Amino acid sequence: MEFRLLGSLEVQADGRRLVVGGVRSQLVLVGLLLAAGRTVSVDELVELVWDTEPPTTARKQLQTVVSRLRRLFATHPGAVLSTDPAGYRLDVDRARTDLGRFTTGLATARALVTGGDLTGAAAAFRAALALWRGPALVGLPGQAVALHAHRLDELRLAALEECGEVELRLGRHRQVLPELQTLAGAHPLRERITGLLMRALAADGRHAEAITVYHERAATLRDELGVEPGPELRAVYLTTIGGDGHTVVAPAPEPPPPRALPRPPRRLVGRDRLLAELTDDVRPRLLLIDGMPGVGKSALAITLAYRLAAGARDGQLYIDLHGHSERAPASRYDALGTLLEQVRPAPDAMPDTEAGRLAGWHAGMAARGGVVVLDNAASAEQVEPLLPAGAGWVTIVTSRHRLAPIDGARQLSLPPLDLADGVDLLRQSAGRHDAEVTEGQREVVRLCGRLPLAIRLAGHRLKHRPHWTFEMLADQLRDAPAPLHVSAERHSVAAAFAWSYRQLTAEEQLLFRRVGLHPSGHFEDWAAAALADLPVDETRRLLDQLVEVNLVEADVPGRFRMHDLLQAFAATLVDEPERGAAVDRMLDHYLRTTADANRHREFGDNVEHPMLNLTGRPFTDEHDRLAWMRTYWPTVAAVADLAHRSGAHLHACLLFRAASPFTLGHGHNATAVQLGQQALESARRLGTDDLRAMCHRIIAGHLLRLGHHSACRAHLGRAADLYHRLGDARLLSTVYANLSVVSRYEGRLSEALDSALTAETYAAAAGTPGRLAYARLQAGTAARYLGRYEVALRHLRRTATAVWPHHRVGLGSALMELGCVHRDLGHPRVAALLLRRAAALKRQGSNIASAVEASSEYGRLLVTTGDPESALRIQQAVYDTVRELRDGFFEPAIGNDIGETLTALGRTVEAGAAHETALRQAKERRLRYEEARAWAGLAAALRRTDPGRAESAAATAYDLFIGAGMRPEEASAALSGGRRAGAQLDDGRAPC
C-alpha cells in the first residue's frame, strides 16, 4: 500500500488506485499521513475536516471515518491505524509515502553537497523532485488543508532552489535556465530564485538580460513590499555588472557562520524516535519543549539543534535564559547582547540601547538561516522578542513551565524515559555496558522514577564504586526519599525540584506539599481539596497552575497524577502537624465517598457505623458511582492500607466495609482479603468486638469467591461467636444466611435450607426487614434446588414484596429465583418476564456478577422454549464477562450452562469439552453442586456416542446430587434438568 500527497491525494495497492471515500475520509487520511508515527488529536482532525465550524456530531462522524479507514487498511496491509487517549496515530513506513521518500531524498542530496559530491547531489535532488505530480494536496478543500499544502509547496520550492544552486555550480546553466525562468515568473518575490536566474543568464553571456531581471524584481519588491533587495541578491547584481565591464569593489568576505551551541550529549538515550520525528517534521519553525525538572529538555534541544544545523552554512546560536536557576532571568537587553555577540562578535558593533539591539538582531537574522536554542526560558514574554525574523531559522525553546501559546509554534511536553531506555541510560552512566540486564537495574530505574537526571546521578555513583552491584544501589535508593539526594558536583534531583518549588505562590506551595501525601500519586480534584483544606473550585485553579509548571500532570478533567520523585520531594516539605491533619481529612474524604458510592448496592438495613452515612464528593447517578469505583478502586485500596499503617484503625475497618459491595461484585477478592486481614488487625487494636465480627463476616464472603471454603466457614464461625457474645440477633441472621450460601455451593442443600431458616428466625426476632428479606431469599433459593417449589415460592414472593421498591439488586435476586422456579415448573412466559426484569435490575444496580447470572438463567430458559441459538449467544457473552472478573467463581456454572445448550443444538463434542472444563474448574473451587451438574451434562452429551461412559457419568452425578441432600426423585430430575445453586454471599458482596 502506498500513499501520495505531492499532488492530488492517491492511495495505491498492487499497482491500482484505491477509493479512499468521500472528502472527509480523504482529509482525515491526509492529517494522519502528515503526522505519520505521531498521535494526532481529535481536535486537530476536526479542524482539518470542518475548519472553524464543526457540527455538534463532529467527533461521532470522525469515529465513523476512522472505522472506514481501518477497514481499508485491514484489506490492504501497509499501515496501522491505532487509537490512544490523545487521539489517533497512523504508523506507516516512510518509504510507502511520496512525502517520506521526498524528505529522505532531500536529506541524501544535502549530505552529498556537504561531502562535495555535486553530481550525486544533483541526481538525488532531481529524483526527489520527480515525485511531485502537481501542487500538494490539490483538490482538497479547507483553510487548514491549504496551510499544509502551502508548507509542502514551500518545501518543494526550497528544494528547487538548492538543486538549481548545485547545477549552476556544475556548469549546467543552459539546462536549468528554462526552469528558472518559469519559477521566477511564478514567484517574483523569491529573491533566491531571481539570483539563480541572473547567474544562469550571466553564465550564458546574457548580462544585459540578467541586469534587467534585477531591476524588474527590485521595482516589484519596492512596489509590493516597500523593501529593497536583500544582500545576497545585491551581491549577485554587483557580480553581474562586474562581468559586464564595470569596475566593482569586491565585497568583504562573509564571516563564518556562528557556532555557539554547547557540546551535545555523547548519546541521547531513549529519544531516537522523537528526534527522527522532529528532524523530519516539515511544519513548525518554532518548537516549545516543556517538562518537569531533570527530564532532559536541554539535552534534547541541543541534540536536535545539531541535527537541524548539519549544513556548513547554517548558524548555531544558544543562550541560557536562566528562567529557573540561582540567577535572575535574563533581561531582554542582556539576552539580545549575548545573541548579537554570537552573530557579529565585533565589540564596537554592539548597540547600547535595547531598541538598537532589537533592531540589529532582527536585521542581522533576516538574511541568515540556522537554528537558535533559547534554553531555560521563564515565560513566553521573555521569548517572543528573541525569535529571529528570517524564514530560514528554526527556534527551539525549553522551559519547565508550559509557555503561553505563540503563533506557529509546536508545543511538546517531554515525558520520562520508558523502562528499557532508562536501563540503557543507567548502564551507560555507570560505565557497565557489558553487564547483562538484571532486575536490579530495572529496580534502580523504577526508584529513580525513570527521570534521566536521577538515573544519570545514580549511574555516576555506581561508576565510582566499582565493587557495588546494581542490587546494592537499589537497596540504597529504596528508602525514599534517597533518590532525591543522590548528587554529583552539587547537582541533585532535590535541588532541581527546589528551584521550581520556590517559584510557586504560597497557595500553590501548600497544595503541592499536601498532594505529595496522597498514597497512590493518582488523585482527583476532590481528594486534593480535602488534603489542602480548600474549596474544590480554588483547588482546581491551583492544580491547573501546577500542571502548567509541570509539577502535576492532568490525565482527564478532574483527574491528576504526580511523578514518583516529585511526590517524594513534596512529602519531605510537610511537617508532622500539617501531615497528620491533612491525612485525616483525606481519610475522611475517601471513607465518605466510598460509602456513598456503594450505598445503593446495600441489601436492606446494613449500615453499622454513623460515619458510613456521611457524604463525600457528589455523584450524579449510579453510573457515576460505579465509574468512580472502577477508576479509583486502586486508590481506595492504597488509602485503606495507609490507614492501617498510620494507626487510623477505625478508617481501616470502615474503608474495607464500605468497599466490599464493589470488590465482591467486580472480582477484586484477593486484594480485598489482604485489606480485610489488615482491617481485622486494626479492629483487634481498637478492642471492639463488633468491628472484629464485621471483618470476619466480610472476609468470609471474599474467601468463598476464592474457593477457600474451610477458611470461609472459620471466619463465619468467629463472627457468630462474637455476635452471640454481643447479643446481636440482627447480624447473627446475616451470618446464618451466609452459611446457607456456603452450604449450597458445597452441595449441602438440606443444611443450606436449615441455616437459612435459622437466619429467618433471628431476623424476625430482631425486627429488621432488610435482614429478614435476605434470609428468606436464601431459604427460597435452597428450597428451589431441593425441588420444594411451594416452599421456595412462599419465601421468594415475600422477599420480593419486602424489598420492592427500595433495593434493585435485592429485588432482582428475588425475581431471578422466582423466574427459575417458574421455568422449572413449566411456566415459560412468566419465567421470561421475571428473568428479563431481574437481569435489568441487577445491571442497574451495577453488580456485574449478579447480572450475568440472571442473563445465563434466561439463556437456559430459551433452550427450553426452542431457541438454543439465542441462548448460546447470550451465554457466551456472559462467559466472556465473568472471565474478566478474574476470580473464576462463576465460570463453572456458566460453562455448564453453555454445555447444556450445545447438547440441545446437537453439538455434543463441543458440549462434552465445555462440561469437562467446568468439571475441572468446579473441582479446583470445590463447588460440589457444579461438579454434579458437569457429570450430568457429560452424561447427556455422551449418551449417543459413548453409552457406557455416559452411564458412568450419570451415576456419578446422581451420587453427588443425593450427597447434596436431594431425594431420589429430585436427583433424577436434576439429572434431566440440571438446577444449580445461584447467588452469592449477600447477593454479590460480603453480608453486612
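Residues numbered from 1 in each chain as written. Predicted model: local features only at pLDDT ≥ 70, side-chain atom pairs only at ≥ 80, totals over all residues. Heavy atoms only, no water.

Where an unreviewed UniProt entry is consulted, the protein appears under the name SARP family transcriptional regulator, with the organism given as Asanoa iriomotensis. Quoted straight from UniProt, the Sequence similarities (unreviewed entry) entry for the protein says "Belongs to the AfsR/DnrI/RedD regulatory family." (UniProt positions renumbered as here; feature names shortened; annotations may be inferred.)

Participant: Help me understand unusual backbone geometry, please; the structure alone is not making it clear to me.
Facilitator: A negative phi angle is the norm for most residues apart from glycine, just as the trans form is the norm for most peptide bonds. Although it is not a glycine, Asp14 sits at a positive phi angle of roughly 55°. Examined against the element boundaries, Asp14 turns out to sit in the loop between β2 (10–13) and β3 (16–17). We classify Asp14 as exposed; its relative accessible area is 77%. With phi around 60°, Asn376 is a residue other than glycine that occupies positive phi space. By the secondary structure assignment, Asn376 is in the loop between β9 (369–375) and α15 (380–383). (Helix = DSSP H or I, 4+ residues; strand = E, 2+ residues; numbered from the N terminus. Buried < 20%, exposed > 50% of the residue type's maximum accessible area, 1.4 Å probe, protein only.)

Participant: Teacher, can you tell me more about a nonpolar patch on the surface here?
Facilitator: Together, Leu189, Leu225 and Val227 make up an exposed nonpolar region whose accessible area comes to about 240 Å². If you trace the backbone, Val227 turns up in the loop between α9 (207–224) and α10 (231–243). In this structure Val227 comes out as partly exposed when scored by relative accessible area, which is 37%. (Patch = residues over 30% accessible without salt bridge, like charges linked within 9 Å, V, L, I, M, F, W, Y side chains within 5 Å. Areas by Shrake-Rupley, 256 points an atom, 1.4 Å probe, with all protein chains shown as cover. Salt bridge = Lys/Arg side-chain N within 4 Å of Asp/Glu carboxyl O.)

Participant: For this particular structure, what's the right way to read the sheet that holds strand β8 (residues 315–320)?
Facilitator: Think of a sheet as strands paired side by side through backbone hydrogen bonds, with each pair either parallel or antiparallel. Spatially, the five strands line up as an open sheet ordered β8-β9-β10-β7-β11, and their pairing is parallel. Strand pairing shows two members of the sheet lacking a second neighbour, β8 and β11 (409–413), which therefore form its edges. If you compare each strand with its neighbour and ignore which way they point, the axes differ by 15° on average. Relative to β8, helix α13 (residues 332–343) is tilted by about 155°, and along the sheet it contacts β8 and β9. (Pairing = 2+ DSSP bridges. Axes fitted to C-alpha atoms, helices over the stretch in contact; angles between N-to-C directions. Contact = heavy atoms within 4.5 Å.)

Participant: Explanation requested: the pattern of salt bridges in the structure shown.
Facilitator: It is possible for side chains bearing opposite charge to pair when their charged atoms get close. Taken as a whole and assessed by the stated rule, the structure comprises 56 salt bridges. Sharing partners across several salt bridges, the network here consists of Arg784, Glu817, Arg823, Asp824, Glu857, Arg860, Asp897, Glu900, Glu930 and Arg933.

Participant: What exactly am I supposed to notice about the sheet that holds β2 here?
Facilitator: Read across the open sheet, the three strands follow the order β1-β2-β3; overall the sheet is antiparallel. Both edges of this open sheet fall to β1 (2–4) and β3, since each of them pairs with a single strand only. Here β2 pairs with β3 via two bridges, running antiparallel. Within β3, the position partnered with Ala13 by the bridge is Arg16.

Participant: How do you make sense of the pairing of strand β7 (residues 286–290) when you look at a structure like this?
Facilitator: On a regular strand, each side chain points to the face opposite its neighbour's, so the side chains alternate between the two faces of the sheet. Burial analysis of β7 places five of its five residues in the buried class, which makes it a mostly covered element. Residues Leu286, Leu288 and Asp290 of β7 are buried on one face, and the alternating residues Leu287 and Ile289, pointing to the opposite face, are buried as well. Both β7 and strand β10 (residues 392–399) contribute to a ladder of five bridges, which runs parallel. Pairing of Leu287 across the sheet is with Ile396, part of β10. For β7 and β11, the ladder comprises five bridges, and the chain directions are parallel. From the neighbouring strand, Leu288 faces β11, where its bridge partner is Gln411.

Participant: Honestly, the packing of helix α16 (residues 419–430) against helix α18 (residues 452–463) in this entry has me stumped. Any pointers?
Facilitator: A pair of packed helices can be characterised by two numbers: the angle between their axes and the separation between those axes. Across the interface, α16 lies against α18 with an axial gap of 7 Å and an inter-helix angle of 35°. Here α16 runs over α18; the crossing is right-handed. Facing α16, whose interface residues are Gly422, Leu425, Leu426, Ser429 and Ala430, α18 presents Pro452, Ile455, Arg456, Ala458, Gly459, His460, Leu462 and Lys463. Residues that form the contact of α16 with α18 fall into these classes: seven nonpolar, four polar and two charged. (Left-handed = near helix turned anticlockwise from the far one by under 90°. Nonpolar A, V, L, I, M, F, W, Y, C, P; charged D, E, K, R; others polar.)

Participant: Looking at this model, I keep getting lost on α18. Mind explaining?
Facilitator: An α-helical segment advances 3.6 residues per turn. Residues three or four places apart therefore align on the same side. Spanning 12 residues, α18 covers 16 Å between terminal C-alpha atoms, matching the ideal 16 Å at 1.5 Å per step. When we look at burial in α18, the residues that qualify are Pro452, Leu453, Ala454, Ile455, Leu457, Ala458, Gly459 and Leu462. (Expected span 1.5 Å × (residues − 1).)

Participant: It is not clear to me how the environment of Val741 should be interpreted in this structure. Could you clarify?
Facilitator: Checked against the element boundaries, Val741 lands in helix α32 (residues 729–745). With a relative accessible area of 0%, Val741 lands in the buried category.

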